[in-house]
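Descriptive analysis of the structure
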Amino acid sequence: MDSSPVNWEALDALIIDFAKSENLIEDSSPPSSPSLTSPSSPSLSSSSYRSRLIILQIRRSLEAGNIDAAVDLLRAQAPFVLEDQRLLFRLQKQKFIELLRKGTTEDRGFAIDYLRKSLAPCALNAYPEAYEEFKHVLLAFIYDENDQTSPVANEWAEKRRYEIAGLLTSVLRAHLHAYNPVFSMTLRYLISIHKGFCFREGILSPISNLTERLLLEERDPPAIPEESLYEAQPFDEVDIQALAHAVELTRQGAIDSLRVAKGDLFLAFQNEICRMRLDAAMLDELVREYCIYRGIVESGVQTLSEPLKVNPPESGCCSSRECSFDADCSSAKRSNSETSATTDPSSVQGTDAELRYASEPANNLEDCSTSGSHQSENSRLPRNRSHGAGERSKRKRWRGRHDDLDLISDIHFNRCGKQEVSTAMQVASTPVLKVVENTNGEDKYEIVVGIKELAGRGMAAEVVEEINALDPNFFEQNPVLLFQLKQVEFLNLVGLGEHSGALRVACSHLGPLAASDHSLLKPLKETLLALLRPNEDALVSGLPLHVLATSLQVAFGKRLGIEEPQLMRIMRATLHTHTEWFKLQMCKDGFESLLRIDSLKENNTAVLTAVAASKSNTNSCTLGSSQVTVSSTARLSDDGGSPNQASSRDVICDENAILKVMEFLALPRADAIHLLAQYNGNAETVIQQIFA
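Cut-off values and rules
Residues numbered from 1 in each chain as written. Predicted model: local features only at pLDDT ≥ 70, side-chain atom pairs only at ≥ 80, totals over all residues. Heavy atoms only, no water. Helix = DSSP H or I, 4+ residues; strand = E, 2+ residues; numbered from the N terminus. Buried < 20%, exposed > 50% of the residue type's maximum accessible area, 1.4 Å probe, protein only. Areas by Shrake-Rupley, 256 points an atom, 1.4 Å probe, with all protein chains shown as cover. Phe/Tyr/Trp six-rings, centres within 6.5 Å; stacked < 30°, edge-to-face > 60°. Axes fitted to C-alpha atoms, helices over the stretch in contact; angles between N-to-C directions. Parallel < 35°, antiparallel > 145°, perpendicular 65-115°, else oblique. Contact = heavy atoms within 4.5 Å. Nonpolar A, V, L, I, M, F, W, Y, C, P; charged D, E, K, R; others polar. Left-handed = near helix turned anticlockwise from the far one by under 90°. pLDDT = per-residue confidence, 0-100. 1 Å grid on protein atoms, 1.4 Å probe; cavity = no way out; pocket = protein on both sides within 12 Å on 5 of 7 lines; lining within 4 Å. Points joined across faces, edges and corners; volume = space filled by probe spheres on them. Core = buried A, V, L, I, M, F, W, Y, C linked by side-chain atoms within 4.5 Å. Salt bridge = Lys/Arg side-chain N within 4 Å of Asp/Glu carboxyl O. Expected span 1.5 Å × (residues − 1).

**Here's the deal with the overall build of the chain**
Per the secondary structure count, the chain includes 35 helices and 2 strands. Classification of the 692 residues of the chain by burial places 55% in the buried group. As displayed, the chain offers around 30,000 Å² of accessible surface, 50% of which is attributable to carbon and sulfur atoms.

**A look at the packing of aromatic side chains**
Applying the stated rule across the entire model yields 10 aromatic pairs. Measuring from ring centre to ring centre gives 5.3 Å for Phe474 and Phe556, while their planes differ by 90°; the resulting arrangement is edge-to-face. Of this pair, Phe474 sits in helix H23 (residues 474–477) while Phe556 is found in helix H28 (residues 545–559), placing the two residues 82 residues apart along the sequence. Residue classification places Phe474 among the buried positions, given a relative accessible area of 0%.

**Some remarks on the environment of Pro523**
Here Pro523 lies in helix H26 (residues 521–528). According to the relative accessible area criterion, Pro523 is buried, its value standing at 8%. For the pair Pro523 and Phe483, spaced 40 residues apart in sequence, the C-alpha to C-alpha distance is 9.6 Å.

**Quick word on the packing of helix H12 (residues 237–246) against helix H13 (residues 251–260)**
Helix packing for two helices is described by the angle between their axes and how far apart those axes are. At a minimum axis distance of 9 Å, the contact between H12 and H13 shows a crossing angle of 110°. With respect to H13, the element H12 is oriented roughly perpendicular. Counted together, Glu237, Asp239, Ile240, Gln241, Leu243 and Ala244 of H12 and Arg251, Ala254, Ile255, Ser257 and Leu258 of H13 form the full contact between these two elements. Class assignment of the residues belonging to the contact of H12 with H13 gives a composition of 6 nonpolar, 2 polar and 3 charged.

**Description of the packing of helix H24 (residues 479–495) against helix H25 (residues 499–516)**
Where H24 meets H25, the closest approach of the two axes is 9 Å, and the angle between their N-to-C directions is 165°. Considering their axes alone, H24 and H25 lie roughly antiparallel with respect to each other. By crossing handedness, the relation of H24 to H25 is classed as left-handed. Here Pro479, Leu482, Phe483, Lys486, Gln487, Glu489, Phe490, Leu493 and Val494 of H24 come into contact with H25, specifically with His499, Gly501, Ala502, Leu503, Val505, Ala506, His509, Leu510 and Leu513. Taken together, the residues of the contact of H24 with H25 sort by class into 12 nonpolar, 4 polar and 2 charged.

**Digging into the confidence of the model for the chain**
Residues at a pLDDT of 70 or more form 67% of the chain, whose mean pLDDT is 74. For residues 33–47, every residue scores under 50 in pLDDT, and the model assigns this stretch 38 contacts once sequence neighbours within four places are set aside. For the stretch residues 403–431, pLDDT sits under 50, and the model shows 75 contacts to residues farther than four places along the chain or on other chains.

**Describing the layout of surface pockets**
Leftover empty space is mapped by rolling, across the atoms, a probe with the size of a water molecule. Of the voids in this model, the second largest pocket is the one considered here, and its volume is about 730 Å³. In terms of lining residues, the second largest pocket is bounded by 31 residues, among which Ala242, His245, Ala246, Trp581 and Gln585 are the most central. Mapped onto the lining of the second largest pocket, the elements with two or more residues apiece are helix H10 (182–201), H12, helix H29 (566–585) and helix H33 (655–665). Looking at the lining of the second largest pocket, the element that brings in the most residues is H10, giving 8 residues. Of the residues in the lining of the second largest pocket, the class split is 17 nonpolar, 6 polar and 8 charged.

**Some remarks on the nonpolar core**
Core analysis: the biggest nonpolar cluster contains 109 residues, and Phe183, Tyr189 and Phe269 have the highest contact counts within it. The residues touching Tyr189, leaving out its near neighbours within four places in the chain, are Ala246, Phe269, Ile273, His578, Phe582, Asp589, Phe591, Leu595 and Ile597. Counting residues in hydrophobic clusters, the runner-up holds 43 residues, among them Ile54, Leu115, Trp156 and Val260.

**Some remarks on the pattern of salt bridges**
Using the criterion set out here, one finds 34 salt bridges in the structure. In this structure, the salt-bridge partner of Asp113 is Lys117, at a minimum N-O distance of 3.6 Å. Of this pair, Asp113 and Lys117 are both found in helix H6 (residues 105–123), 4 residues apart, which corresponds to roughly one turn of the helix. Look at Asp113 and you get partly exposed, because its relative accessible area is 34%. By relative accessible area, which is 62% here, Lys117 ends up exposed. Across the pair Asp256 and Arg259 runs a salt bridge, and its minimum N-O distance is 3.7 Å. One end of the pair, Asp256, and the other, Arg259, are both in helix H13, 3 residues apart, so they sit about a helical turn from each other. You can call Arg259 partly exposed: its relative accessible area is 31%.

**Looking at H29**
Spanning 20 residues, H29 covers 29 Å between terminal C-alpha atoms, matching the ideal 28 Å at 1.5 Å per step. In terms of residue burial, H29 counts as a mostly covered element, since 17 of its 20 residues are buried. Positive phi appears at Met586, one or two residues downstream of H29, with a value of about 55°.

**Looking at unusual backbone geometry**
For Glu248, which is not glycine, the phi torsion reads 60° and is therefore positive. Structurally, the position occupied by Glu248 is in the loop between H12 and H13. Backbone geometry at Lys262 places phi at a positive 55°, although glycine is not the residue there. Mapped onto the elements of the fold, Lys262 is located in the loop between H13 and helix H14 (265–275).

This is the structure we're talking about:
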């Protein structure tokens, strides 16, 4: 399966925001968040850390069978839940079962008294089926808890605790707008699309070993819409179908979700996405691995050599299907401060600078050495390490959820996830360079991160020297990376007015490299155009140095035996299938801006091969595009379709016809389009043929 290029700087910003929101790193500054003008604004609502913590505490109490503790928390923090007779009846019925479960004569007496005073009166007014359920649960007096053939075996089952805990979680999240951080929701959405795409196309997913354990099959029950004596307001069919197919709901399920969100499509979407359950322990470890690799947090010996540690489940712990739930909440349970969970893609550079470049000069050229001075191999490694030590002091310390690991103890993860994720955190066992073969894993990470930092600041000459000192053969195997580094060096010299030095770089390196690889001739010509515009500010500022820096980090890291993080593999594969999926749907994803997926795909690799002012040539020399095709005609031209194919697809792309077939036949958009193509775009004909 192919993969799409990723804007790693945008992902860094989402990861940093996630780590701050979940209090996984020690940082005093709150997560960045754009202000919202209204709840219906097409950007993510501000998630309250405190609200998520309260919800998690309520969930823990319900899953442990401690109904009284959950009710006390609800009474203090969310009394509106207890005012809903439907929810109150479910809580009281579960409390009745828990009293009987204790098995003592005294508790049995309490259960009878509770039945008379609370459960029976509530059953009369809760909902139409409540009284029948009340009479049915009385059989628990007769049938034992361990009798699996009894008519009340389901009422006795501990999974009932998790069902009501999930239901209350969904209700509280929707009412309090206590949504998970943006990255957490984005990952849920991308993985769900990836699974659906692979299933539909019959493709074996290259990341199935990760996604199957990261995104669990079960979901929390949906929140219950408020009861109303009035007829429900009709919703736009476009919204209904968009929601239904984005999160795999029935049409009625999408309508109910919109009712809960009072017609707000984006709030309904967030409610449904957060119902999907992630293995929080595994997610934290993937994020931690990524943060260390990218130099966001400090690396440590235990990160590279010790396996992932998760508290063992206590005796009597539920199975993974019942027990592994989305605990996207911070481990600092005593904090009452509220933090935001949204990220502004426009602030990517600012967020990154806040964590790692706070004390660096604003102008990269101030640090950019172009002397090309040579140093011995023995002096090279200490200089690289001293640079890494300076950068290391600016990184944050990983804190983790060590206080709440008992919340996310998961037998499934302990058994399966531990081995795979921990091996990803270790240095690979492949042969490594002799110059660093005795270097420990932490120092190897620091070397690679140091090279990335230098490249990200435009210090191309220094990067080439560092790499040549460590691996003289690296650029022989990666000539394109050397060409791009020399491009940066050339443009830096032009920006400083050192034309003779720039031409020496072009003659010594760019020319011979382009002669060996003719595909580099066009970028070389466009680079030389910089000589005509030596004083333009955009000359250097327009360079996507982060793209080059990440490419160097991945390539050179592998030479040192360091594999790229598993999260990078997940993001590449899922972003690719997201693009392909919406090509099949022949439409744009209406939720990609909400989840910052569009910013993750904004990966401009063209500017490295041209002057920033030469915008007309930018698209022609991209190394890979990840833009989603919106119109059918544009997609056909890209795919090389024939004129007959184009005219046929133009006929079927009537949105009303597509929606009508999707609604009446309950089909996905792509299937509706294929059916319409067979009947000249006539929705009535399609429906008649199906029901004929």
